[in-house]
Amino acid sequence: VLPDSVLASMPDWLPHQRLNLGLDLQGGSYLQLEMDTNALKTERLTNLVEDVRRTLRDAPIDFSALGMANGVVSVRINDPAQVQNALTALQKLNQTVATGVQELKITTGPDQRILLGVSDQALTAETVKAVDQDIEIVRRRIDALGTKEPSIVRQGADRIVVEAPGESDPERLKEVIGKTAKLSFQMVDDSVPPAEAAAGHVPPDAMLLPNDEGGSLLVKRLEIVSGEMLTGATQGYDQNGRPDINMRFNGQGAQRFGDATSQNIGKRFAIVLDNRIISAPVIQGAITGGSGEITGNFTVETASNLALLLRSGALAAPLTVIEQRTVGAELGADSVRAGELAGIIGLVLVVTFMMLAYGGVFGGVAMVGLIINMLMVVALMTVGGAALTLPGIAGLILTIAVAVDANVLIYERIRDEERAGRKPALAIDTGFTRARVSILDANITTLIAALILFEFGAGPVRGFAWTLSIGVMTSVFTALFITRLLIVLWYRTSRSKQLPI
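Presented here is a report on the structure given in the accompanying data block. (Residues numbered from 1 in each chain as written. Predicted model: local features only at pLDDT ≥ 70, side-chain atom pairs only at ≥ 80, totals over all residues. Heavy atoms only, no water.)

Here's the deal with the overall build of the chain
To be explicit about the condition: Under the scheme used here, helices are H or I runs from DSSP no shorter than 4 residues and strands are E runs no shorter than 2 residues, and both carry numbers assigned from the N terminus. As defined in this context, the radius of gyration uses C-alpha atoms, and a globule is described by 2.2 Å times the residue total to the power 0.38. Pairs of residues are marked as contacts when any of their non-hydrogen atoms sit within 4.5 Å. Accessible surface is estimated by sampling points in the Shrake-Rupley manner with a 1.4 Å probe; for residues, cover comes only from the protein chains shown. When charges are counted, neither His nor the chain ends are considered; positive counts come from Lys and Arg and negative counts from Asp and Glu. For this purpose, a charge sits on NZ of Lys, CZ of Arg, CG of Asp or CD of Glu.
Each helix and strand in the chain was counted, giving 13 helices and 18 strands. Rg of the C-alpha trace for the chain: 33 Å, well past the compact-globule value of 23 Å for 501 residues, more than 25% over. Oriented by its inertia axes, the alpha-carbon framework of the chain measures out at about 105 × 60 × 35 Å. Residue pairs at least 24 apart in sequence account for 67% of intrachain contacts in the chain once pairs closer than 6 positions are excluded. Summing over all exposed atoms, the chain offers an accessible surface of approximately 25700 Å²; the carbon and sulfur share of this is 57%. The chain carries 44 positive and 52 negative side-chain charges, and their two centres are separated by 8 Å.

Pasting the structure below:
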C-alpha cells in the first residue's frame with residue numbers, strides 16, 4: 001500500500017518487503033529450455049576414452065584403435081593373453097549410480113576388442129543431476145542481472161522453465177543463460193605443424209580447436225586448470241586500458257597453474273571457453289599468485305557478461321531455447337486492472353449478501369474478519385517471497401468466498417441454537433463449537449485439493465494453488481478466532497436479549 005518514498009524512509013527494523021508481481025502482471029520474459037542429452041552423453045564418452053587410455057597405460061597393457069563410435073567406446077587389446085587383465089582393470093572404472101545399477105556396460109567384441117557404453121539408467125540419473133545443477137547455475141546468472149524473484153522450475157525430465165518478471169529483453173536473457181561457459185586452461189601442442197594438424201594428423205592426446213581469429217590451434221587434452229577451480233571473476237582493464245577479465249583460483253587451481261607456468265616458460269597455453277580458444281598467450285614467467293587475467297577482443301559489455309558466466313559456473317550440459325515469450329508491461333497493467341475489478345465486484349456481492357442474510361452486526365463482523373483475512377494472505381505471500389500472478393488473483397478472489405463460507409456455517413448454527421430456545425451467550429458458544437468440525441472438514445478437503453494442484457501443476461496452476469492454500473488456512477483462523485473474538489466483545493458490550501441475526 002505504501003509508496004516507495006514512504007517505504008524508504010521507514011526505520012530499518014521495520015519490514016520492507018513488497019508483494020512481488022508475477023510475469024503476467026508486470027511483464028517480462030518467458031523461456032522454456034531443453035537440455036541437450038546427446039551432448040551430455042558425448043561428453044561422458046569423451047571422458048571415458050581418456051579414462052580408458054590412462055587405465056591401460058598404468059596397467060600396463062598394450063592397446064590400439066582406442067576411440068568412440070556409435071555411442072560406445074572401443075579399444076583393441078594387442079595381446080590376446082591380456083584381454084582378461086584389461087577387463088579387470090577397466091572394471092575399476094565402473095561405478096554404481098543412485099538407482100543401484102552399474103554405470104557402464106563392458107563387453108568383449110571380435111578381434112580382441114573391448115566395448116564400453118553408458119547404461120540408460122545411468123544416463124537418466126546423470127540427466128536429472130545435470131538439470132538440477134543447471135537450474136542452480138541459471139538462477140545465479142539471472143540473479144546477477146538484477147532480476148527480482150525469477151521463477152526457475154523443472155518441467156519433465158530434461159526441461160527448465162524460466163520466468164523473469166521485469167526483464168523485457170529475452171535475447172539478453174538467452175545470451176546469458178544459453179552459454180555453457182565451460183572454461184579450461186590447456187597447453188598448446190607444437191609437436192605437429194599447423195598444416196598437418198588441419199589435414200587431420202592429430203595426436204591421440206591432443207585436439208584441434210577453433211580460435212577467435214578464424215583459424216585453429218592444436219592443444220593438449222589434459223586440462224591444467226578448469227573453471228571449477230575459479231573463486232572469482234570480474235571485468236577490469238589491462239595495462240593498455242582495454243577491457244579484460246581478472247580471475248582468482250582456489251588453492252588447488254593456484255598450485256596447478258603455478259606448476260604448469262613454471263615448467264613451461266616460453267611455451268604457449270590456451271584459454272578455452274566452450275571448446276573455442278579465446279586467447280593463447282606465451283608464458284613469460286611463473287604465475288604463482290593464484291590470480292591471472294584473460295585478454296582478448298572484448299568490449300566492456302562482453303567482458304562483463306563473460307565474467308558473470310565464469311562466476312556462476314559452467315552448465316552441466318548445453319541448454320536449447322525451444323519456446324520464448326515476452327509479456328509487455330501494458331498487458332500486465334490490463335491484467336492487474338481486470339483482477340482489481342473482479343475482486344471489487346466479488347467483494348461487493350459477498351458483502352451485500354452477508355448484510356442481507358445476517359444483518360448489520362453479524363454481517364459487519366464477517367466483513368471485518370474477511371478484510372483481516374485478505375491482509376493476512378497478502379502479508380504471508382510477501383514474507384514468503386511469493387509472486388502474485390493472474391491465477392493467483394483468481395485464488396485470492398476465491399478465498400473471499402471460502403472465508404465467508406465458514407461464517408455462514410457458524411451463523412446458521414447459532415440461528416439453530418437460538419431457535420431451540422438457548423440464551424444468546426450459550427447459542428454463540430454452541431454455534432462456534434459445533435460448526436468447528438464442519439469448517440475443518442470443508443477446508444481440509446479444499447487444502448488437499450490445492451496441495452495436489454501445487455505438487456503436480458506448474459507455473460500458473462501452482463500460483464493459483466499456493467494462493468488458495470494460504471487463503472484456506474487464514475480463513476479458518478479468522479473464522480474460529482477473530483470472528484469469535486469480535487462477536488464476544490459485541491455481546492459483552494450490548495448484553496442483547498436477542499441476537500440480531
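Structural notes on the environment of Asp-259
Tracing the sequence through the fold places Asp-259 in helix H8 (residues 251-263). A C-alpha to C-alpha distance of 9.3 Å links Asp-259 and Ile-224, two positions 35 residues apart in sequence.

Section: the side chain of Asn-443
Tracing the chain through its elements places Asn-443 in helix H12 (residues 424-456). Other than its neighbours up to four places away in sequence, Asn-443 contacts Val-402, Val-472, Ser-475 and Val-476.

Quick word on the sheet that holds strand S12 (residues 230-237)
Heads up, the rule is: By the convention used here, strands pair only if DSSP detects at least 2 bridges between them. Helix axes are fitted to C-alpha atoms over the stretch in contact, other axes to C-alpha atoms as well, and angles between N-to-C directions run from 0 to 180 degrees.
In spatial order, the strands read S12-S13-S16; together these 3 strands make up an open sheet with antiparallel pairing. One side of each edge strand has no neighbouring strand; the edge strands of this open sheet are S12 and strand S16 (291-294). Across the sheet, the axes of successive neighbouring strands diverge by a mean angle of 25 degrees, strand direction being ignored. Direction of pairing for strand S13 (residues 243-249) relative to S16: antiparallel, over a ladder of 4 bridges. What sits directly across from Met-247, in S16, is Gly-292. On top of the sheet, helix H9 (residues 300-312) reaches S12, S13 and S16; it is set at about 175 degrees to S12, its chief contact.

Notes on the packing of helix H3 (residues 37-58) against helix H5 (residues 120-144)
The description of two packed helices rests on the angle between their axes and on the distance between the axes. Here is the rule we go by: Angles below 35 degrees are treated as roughly parallel, those above 145 as roughly antiparallel, those between 65 and 115 as roughly perpendicular, and all remaining angles as oblique. Helix crossings are classified by the rotation of the near helix relative to the far one: an anticlockwise turn of less than a right angle makes the crossing left-handed, while a clockwise turn makes it right-handed. Here the term charged refers only to Asp, Glu, Lys and Arg, the term nonpolar to Ala, Val, Leu, Ile, Met, Phe, Trp, Tyr, Cys and Pro, and the term polar to all other amino acids, Gly among them.
The geometry of H3 relative to H5 is characterised by a closest axis approach of 11 Å and an angle of 110 degrees between their N-to-C directions. For the element pair H3 / H5, the angle class is roughly perpendicular. Of the two elements, H3 crosses H5, and the hand of that crossing is right-handed. Together, Thr-37, Leu-40, Lys-41 and Arg-44 of H3 and Leu-123, Glu-126, Thr-127 and Ala-130 of H5 make up the contact between the two elements. Here the contact of H3 with H5 is composed, by residue class, of 3 nonpolar, 2 polar and 3 charged.

Section: the sheet that holds strand S11 (residues 216-226)
If you walk across this open sheet you meet the 5 strands as S10-S11-S9-S14-S15, and the pairing is antiparallel. Two strands bound the open sheet, and with one partner strand each, they are strand S10 (206-210) and strand S15 (276-279). Strand-to-strand, the axes of this sheet are offset by a mean angle of 55 degrees, without reference to chain direction. Both strand S14 (residues 269-273) and S15 contribute to a ladder of 3 bridges, which runs antiparallel. Paired with Val-272 across the strands is Ile-277, a residue of S15.

Side note on helix H4 (residues 83-91)
The condition is simple: Relative accessibility decides the category of a residue: with a 1.4 Å probe and only protein chains considered, values under 20% of the type maximum give buried, values over 50% give exposed, and everything between is partly exposed. Here the arc refers to the set of directions running from the helix axis out to each C-beta atom.
Along H4, the residues classified as buried are Val-83, Ala-86, Leu-87, Ala-89 and Leu-90. Down the axis, H4 shows its buried residues gathered within 165 degrees of arc, on one side only. Looking at the buried residues of H4, the elements they touch are H3, strand S4 (72-77), strand S5 (104-109) and strand S6 (113-118).

A look at unusual backbone geometry
For the bond from Ala-59 to Pro-60, the omega torsion is -15 degrees, close enough to zero to count as cis. Within the fold, Pro-60 resides in the loop between H3 and strand S3 (63-69). For Asp-111, which is not glycine, the phi torsion reads 60 degrees and is therefore positive. In this fold, Asp-111 is placed in the loop between S5 and S6. By relative accessible area, which is 45% here, Asp-111 ends up partly exposed. One non-glycine residue with positive phi stands out, namely Arg-495, at about 50 degrees.

Observations regarding the pattern of salt bridges
How we decide: One speaks of a salt bridge when a side-chain nitrogen belonging to Lys or Arg is within 4 Å of a carboxyl oxygen belonging to Asp or Glu.
Within this structure, the stated rule accounts for 20 salt bridges. Residue Asp-205 pairs with Lys-220 through a salt bridge whose shortest N-O separation is 3.6 Å. Linking Asp-205 in the loop between helix H7 (194-198) and S10 with Lys-220 in strand S11, this pair joins segments that are 15 residues apart in sequence. Looking at Asp-205, the relative accessible area reads 31%, which means it is partly exposed. Residues joined by salt bridges that share partners form a network here, namely Arg-413, Glu-417, Arg-422 and Arg-434.

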